[in-house]
Amino acid sequence: MPAIPVSEVDLYTPAARADPYALYAELRALGPVVHLPRYDLYALPRYRDVRAALMDWRTFSSARGVFVDPGMNARLAGITLCSDPPEHTAMRAVLGRPLRQDRMREIVPVIEAEAERIVAELLGRGRFDAATELAARLPMAVVSDLVGLPARGRARMLEWAAAMWDMQGPADGRFARAAPVVDEFMDFVAQEAVPGRIAPDGWAAHLHRAADRGELPREKCPALMLDYVTPSLDTTILAITGTIALFAEHPDQWDLLRADRSLIPHAINESLRLESPVPQFSRVLTEDHAIGGAALLSGSRVALLYGSANRDERHYPDPERFDITRRPSDHLAFGRGEHVCVGMHLARLELSALLHRLADRVRRFETVSAAPLVNNGLRGLAHLEVVVHTDSPAQAPRANARRPQGSGTKEAGDARVIVRAARERDVPGLLRLAAEVEEWFGPMVENPGFREAVARHVRRSTALVAVSGPHVLGGLLSGGRAPVHRVHWLVVAERERGKGVGRALMAEADRRFARGADAVETVEVVTFGADHPGAVTSGARVFYERLGFLPGEAAEPGPEGGSRQVYRRSLG
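Residues numbered from 1 in each chain as written. Predicted model: local features only at pLDDT ≥ 70, side-chain atom pairs only at ≥ 80, totals over all residues. Heavy atoms only, no water.

Undergrad: Which residues make up the sheet that holds strand S2 (residues 41-44), and what values do they have?
TA: The strand order across the open sheet formed by five strands is S1-S2-S8-S5-S3, and the pairing between neighbours is mixed. Two strands in the sheet have a free side with no partner beyond their single neighbour: strand S1 (34-36) and strand S3 (60-61). In the sheet, S1 pairs with S2 via three bridges, with the strands oriented antiparallel. When the sheet's bridge partners are listed, histidine 35 is paired in S2 with tyrosine 42. Strands S2, S3, strand S5 (280-285) and strand S8 (301-305) of the sheet are contacted by helix H3 (residues 47-54), whose axis makes an angle of about 120 degrees with S8. (Pairing = 2+ DSSP bridges. Helix = DSSP H or I, 4+ residues; strand = E, 2+ residues; numbered from the N terminus. Contact = heavy atoms within 4.5 Å. Axes fitted to C-alpha atoms, helices over the stretch in contact; angles between N-to-C directions.)

And the structure:
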């Protein structure tokens, strides 16, 4: 059995927090697992091993904390981040309700209006700090209202969140300076962020109402607010800043995005892959376990290096290159498995809103100066001063270059949605829809098997599309044979969900399935299991239940490792 290589690399020096990538490459070259004796961590620097650990919560447990310092791990034991199923599943179900995609759609107009206001103001100035004046303003404006904390809490949210991230690392100077700030936050949420002093319709109030219903212990409410405040601010701010920095460095990629707005989801994924705001979390082994043939003992603390895995040359060709056509939907910046980031849909909405509006008017970003953030749990830029070069009205890209958004039917000329059999020319549109859901189902667009399956359904007339003008808003692939019909795949464009597109697709499928009034026929679909992270954030189970589907037996796990469940409905 091979010995585990040892490295004296210190991932928590200021230089390493600012630019860890050479160190990551060094660790990847040493092996699939490397012992870091300075903090008694076993680091996993390669993509395959990090992803496997994220998908195996039974072996790689979060219940003993995910930070470095033992005292901090003990203090936070039992919060969502530091727990395993079934306790984790129950808490996440409560936390995730305001963050489901169907609920996020309700705030899209707010996000887009705020993004428009911020961009218009900053472009009028021409020069600004993309970190503090662009990236920070949208999450602060949106999240502070959504959480619903008292005024003093809103003013301190950024400082509290940054301090909590600093305590993710070892007990160094940054950790010590952050400790009293975190204590202040914990006192605040326990004493002031309480019913009667918080917004009655905010996320904080949602936690207390859940406690009233007995869905979680009352004493967990203060600590659970960490799950709303901490991941909703700094990570999104760093992601936005990093994306602007990458486009400033690679103007050719900005030209691609301006010419084809359907690349925006891929650009977001590629930016998160290259500049992951959260570079690592840890887990504790619940049993002896071998990684790459090397034996690790039960109780070992394992550092999952997301920032390294996302640049692993074994998984991503030419990983240092910023390429928005890469489609890296399998990146690990949001995690995977049970602990996948509950706020990732909100982050994507904010990033997408800003990129759309910047692409309408900005021809070039020019970096004037940049300064890294030095934080024990985060990585990115604290400051990014840029000059923006904007188009004259005559130079601005035509509006029809933009991917349909929440008002997609308006952009399509107010054409009504039509559901019809898919044609060969619709295949690219179906693949674009697939790209939007690859985070849950793994790579599809570049998978030859999936592409052939789509083409085969089109040839057999078992593929439906919902279209508005030239835009494919949704698709459905069906199969089976009477009396049992199956929906193999149903997808709706992110910005069109909740507008009846999925219901229209199912109605047309039902019409085609039906053989006669006297026939006893059933429609089956396989969707997320109740304990799968996607069950909360995708809204799929709720969608099928509203259409009259009833949950049945468990199905085989999906390619992402999560549970699946059969849903059925009688036809007619």
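What follows continues from the structure just given.
Undergrad: Report on the packing of helix H14 (residues 234-249) against helix H15 (residues 251-259), specifying residues and quantitative values.
TA: The contact between H14 and H15 brings their axes to 5 Å, and the two run at 105 degrees. Accordingly, the angle class assigned to the pair H14 and H15 is roughly perpendicular. Of the residues in H15, those in contact with Phe247, Ala248 and Glu249 of H14 are Pro251, Gln253, Trp254 and Leu257. Here the residues of the contact of H14 with H15 are counted per class, giving five nonpolar, one polar and one charged. (Parallel < 35°, antiparallel > 145°, perpendicular 65-115°, else oblique. Nonpolar A, V, L, I, M, F, W, Y, C, P; charged D, E, K, R; others polar.)

Undergrad: Go over helix H10 (residues 173-191), please, and point to the residues and values.
TA: Here H10 contains 19 residues, and its C-alpha end-to-end distance of 28 Å stays within 8% of the 27 Å for a straight helix at 1.5 Å per residue. Bending of H10 peaks at approximately 30 degrees at the position of alanine 179, with proline proline 180 no more than four residues after it. Among the residues making up H10, those that are buried are Arg174, Phe175, Ala178, Val181, Val182, Phe185, Met186, Phe188 and Val189. Between the side-chain oxygen of the N-cap and the backbone nitrogen of arginine 174 there are 3.3 Å, and the N-cap of H10 in question is aspartate 172. (Expected span 1.5 Å × (residues − 1). Bend = angle between axes of the 7 residues up to and from the residue. Buried < 20%, exposed > 50% of the residue type's maximum accessible area, 1.4 Å probe, protein only. Polar contact = N/O pair within 3.5 Å; in protein donor to acceptor, adjacent residues only side chain to side chain.)

Undergrad: Let's hear about helix H2 (residues 21-30): which residues, and what values?
TA: Working note: α-helix, 3.6 residues per turn, so residues spaced by three or four point in the same direction. Taken together, the buried positions of H2 are Tyr21, Tyr24, Leu27 and Arg28. For H2, the angular spread of buried residues about the axis comes to 115 degrees, placing them on one side. H2 presents Ala22 and Ala29 as exposed residues on the side facing more than 90 degrees away from its buried surface. Its buried side turned inward, H2 meets S1, helix H16 (264-274), S8 and helix H17 (306-309). Once H2 finishes, glycine 31 follows within two positions and takes phi at roughly 155 degrees, a positive value. (Arc of directions from axis to C-beta.)

Undergrad: Summarise unusual backbone geometry; cite the residues concerned and give the values.
TA: Cis rather than trans, the peptide bond between proline 85 and proline 86 has omega equal to 5 degrees. Looking at where proline 86 falls in the secondary structure, it is placed in the loop between helix H4 (70-75) and helix H5 (87-96). With phi around 50 degrees, aspartate 318 is a residue other than glycine that occupies positive phi space. Mapping aspartate 318 onto the fold places it in the loop between H17 and helix H18 (344-361). Accessibility expressed as a relative area gives 45% for aspartate 318, which makes it partly exposed. Notably, serine 461 is not glycine yet its phi reads approximately 60 degrees, a positive angle.

Undergrad: Can you lay out the packing of H14 against H16 for me, pointing to particular residues and giving the numbers?
TA: Running from amino to carboxyl end, H14 crosses H16 at an angle of 100 degrees, the nearest separation of the two axes being 9 Å. Between H14 and H16, the interaxial angle falls into the category roughly perpendicular. Contacts from Ala239, Gly242, Thr243, Leu246 and Phe247 in H14 reach Ala267, Ser271, Leu272 and Leu274 in H16. Here the residues of the contact of H14 with H16 are counted per class, giving six nonpolar, three polar and no charged.

Undergrad: Tell me about the state of the cysteines, and name the residues and values.
TA: With the rule as written, the count across this model stands at zero disulfides. With no disulfide of its own, cysteine 82 lies closest to cysteine 341 among cysteine sulfurs, the gap being 15 Å. Its relative accessible area of 1% is what places cysteine 82 among the buried residues. Sulfur of cysteine 221: no disulfide; nearest cysteine sulfur belongs to cysteine 82 and is 17 Å away. (Disulfide = S-S within 2.5 Å.)

In short, shape yes, function no, at least from these values alone.
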